[in-house]
Amino acid sequence: MDLTEIETFLALAEELHFGRTAERLHLSQSRVSQLIRSLERRIGAPLFTRTSRRVALTPLGAHARRTLGDAHRGLRRSYDEAVAIARGVTGTLRLGFLGCLNGPPLTDTVAAFTRRHPACRVDATEVPWVEPYAALLTGEVDLLLTLLPVDEPGLAVGAVLVSHPRVLALRADHPLADRPGIDIEELADWPVLDSPAGTPDTLRYAATPPFTPHGRPLRRTPGGRTYQEALHLVAVSDTVWPTHRGLFLGHRHPRVLSRPLTGLPVANGALVWRDDTVTAKVHAFVAFAEAAGAGR
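Residues numbered from 1 in each chain as written. Predicted model: local features only at pLDDT ≥ 70, side-chain atom pairs only at ≥ 80, totals over all residues. Heavy atoms only, no water.

### Some thoughts on helix 3 (residues 29–43)
Moving on, step 1. Relative to the 21 Å expected for 15 residues at 1.5 Å per residue, helix 3 spans 21 Å between its end C-alpha atoms, a close match to the ideal helical length.
Moving on, step 2. Those residues of helix 3 not exposed but buried are Val32, Leu35, Ile36, Ser38, Leu39 and Glu40.
Moving on, step 3. Within two residues after helix 3, Gly44 carries a phi angle of roughly 100°, on the positive side. (Helix = DSSP H or I, 4+ residues; strand = E, 2+ residues; numbered from the N terminus. Expected span 1.5 Å × (residues − 1). Buried < 20%, exposed > 50% of the residue type's maximum accessible area, 1.4 Å probe, protein only.)

### A word on the sheet that holds strand 12 (residues 256–262)
Moving on, step 1. Taking strand neighbours across the sheet as the criterion, the four strands line up as 8-12-7-11 in an open arrangement whose pairing is mixed. This sheet does not close on itself; its edge strands, each paired only once, are strand 8 (182–183) and strand 11 (241–244).
Moving on, step 2. Pairing between strand 7 (residues 166–171) and strand 11: four bridges, direction antiparallel. When the sheet's bridge partners are listed, Ala169 is paired in strand 11 with Trp241. (Pairing = 2+ DSSP bridges.)

### Examining unusual backbone geometry
Moving on, step 1. Cis rather than trans, the peptide bond between Leu148 and Pro149 has omega equal to 5°.
Moving on, step 2. Along the chain, Pro149 turns up in the loop between strand 5 (143–147) and strand 6 (155–164).
Moving on, step 3. Despite not being glycine, Leu16 has its phi angle at roughly 55°, a positive value.
Moving on, step 4. By the secondary structure assignment, Leu16 is in the loop between helix 1 (3–15) and helix 2 (18–25).
Moving on, step 5. Judged by its relative accessible area of 33%, Leu16 is partly exposed.
Moving on, step 6. Residues other than glycine seldom take positive phi values, yet His26 does so here, at roughly 60°.
Moving on, step 7. Judged by relative accessible area, which is 73%, His26 ranks as exposed.

### Some words on the pattern of salt bridges
Moving on, step 1. For the structure on display, the rule yields 16 salt bridges.
Moving on, step 2. Close ionic contact of Arg42 with Glu5 constitutes a salt bridge, the shortest N to O distance being 2.9 Å. Taken together, the positions of Arg42 in helix 3 and Glu5 in helix 1 put the pair 37 residues apart, joining distant regions of the chain.
Moving on, step 3. The exposure class assigned to Glu5 is buried, which follows from its relative accessible area of 2%.
Moving on, step 4. Glu15 is the partner of Arg24 in a salt bridge, and the nearest nitrogen-oxygen pair spans 3.1 Å.
Moving on, step 5. Overall, Glu15 belongs to the partly exposed group, its relative accessible area being 21%.
Moving on, step 6. Here the residues in one salt-bridge network are Glu14, Glu15, Arg20 and Arg24, joined through shared partners. (Salt bridge = Lys/Arg side-chain N within 4 Å of Asp/Glu carboxyl O.)

### Here we look at the packing of aromatic side chains
Moving on, step 1. Scanning the model with the defined rule gives five aromatic pairs in all.
Moving on, step 2. Taken together, a centroid distance of 5.0 Å and an interplanar angle of 65° make the contact between Phe113 and Phe285 edge-to-face. On the criterion of sequence distance, the pair formed by Phe113 in helix 5 (residues 104–116) and Phe285 in helix 10 (residues 280–295) is long-range, its members being 172 residues apart.
Moving on, step 3. Residue Phe113 is classed as buried on the basis of its relative accessible area of 0%.
Moving on, step 4. Phe285 sits in the buried class, given a relative accessible area of 0%. (Phe/Tyr/Trp six-rings, centres within 6.5 Å; stacked < 30°, edge-to-face > 60°.)

### What to know about the sheet that holds strand 3 (residues 91–98)
Moving on, step 1. Strands sit in the order 4-3-5-13-6 across an open sheet of five strands; the sheet is mixed. Of all the strands in the sheet, just strand 4 (120–127) and strand 6 have a single pairing partner and so form its edges. The average undirected angle you get between the axes of adjacent strands in this sheet is 25°.
Moving on, step 2. For strand 3 and strand 5, the ladder comprises three bridges, and the chain directions are parallel. (Axes fitted to C-alpha atoms, helices over the stretch in contact; angles between N-to-C directions.)

### So, helix 1
Each full turn of the α-helix corresponds to 3.6 residues, which orients residues three or four apart in the same direction.
Moving on, step 1. A rise of 1.5 Å per residue sets the reference length of helix 1, with its 13 residues, at 18 Å; its end C-alpha atoms lie 18 Å apart and thus fit the reference within 8%.
Moving on, step 2. Residues Glu5, Ile6, Thr8, Phe9, Leu10, Ala11, Leu12 and Ala13 constitute the buried set of helix 1.

### Examining the nonpolar core
As a rule of thumb, soluble globular proteins bury nonpolar side chains together.
Moving on, step 1. Leu95, Phe113, Leu143, Trp241, Leu271 and Phe285 are the most contacted members of the largest nonpolar core, which totals 50 residues.
Moving on, step 2. Here this core gets six residues from one element, more than from any other, and that element is helix 10.
Moving on, step 3. In contact with Leu143, other than residues within four places in its own chain, are Leu93, Arg94, Leu95, Gly96, Leu136, Leu271, Val272, Trp273, Val282, Phe285 and Val286.
Moving on, step 4. Membership of the second largest hydrophobic core comes to 15 residues, among which are Leu10, Ala13, Ile36 and Leu39. (Core = buried A, V, L, I, M, F, W, Y, C linked by side-chain atoms within 4.5 Å. Contact = heavy atoms within 4.5 Å.)

What follows is the structure, given as structure tokens:
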């Protein structure tokens, strides 16, 4: 059995067009026709009906698509697993993430990666808002999804994996709550929730700058050590909290709402790892996540 013939058959069965199949497989149309005729000779019957206007599967072709498709997918999985084992993409990859970045980009990437590398298990662990790099620096996790910017010696930063627009969290009956959107300049009139002590300054000032773009100082007030503590502080006071929409995908408070916040760049999250302990698993996950992100 010639795998090239099988792969060409499956592609044509999906495209039902010789030109598109040839382009997809980077072959000439004559080569596609040759491979299909060869497979039909091996089987002993036509797999397609061909006219000047359309290509269609015969009943035998439809049956072959189901059975050969299943067998081909199983073969690909076995091949990918063998390659992963040979390259060291086995065992457990310990992935840390900030809770405000949990959601489809991360979960979809993890699910797709484990399908691609079934010999590698991904254990995902939420890291605290306070000292977000600690688990990575101590070796508790191999890889971390965190907010940018990252300015920490010894850490390598990958491409942006997730982006969220900025929002302002505020009490439901706050004087600004009925506004459709709020600009950062207006926050100079209100106490602004600061990141908790222990948050790296680069990350802290990106989340809540000390001054507005026009130079007005922001009255920073100490924040909670967790997202829920921060939401509680917002719910019981006039304090407002510049954050991002991703936070509200997994964290809620019945007395806190969010409004679009302009004047600050979007919140970006990226994968970060220690450059002195890079493994094949880390390389594989980072490359896979970046390729998946480029395809979205």
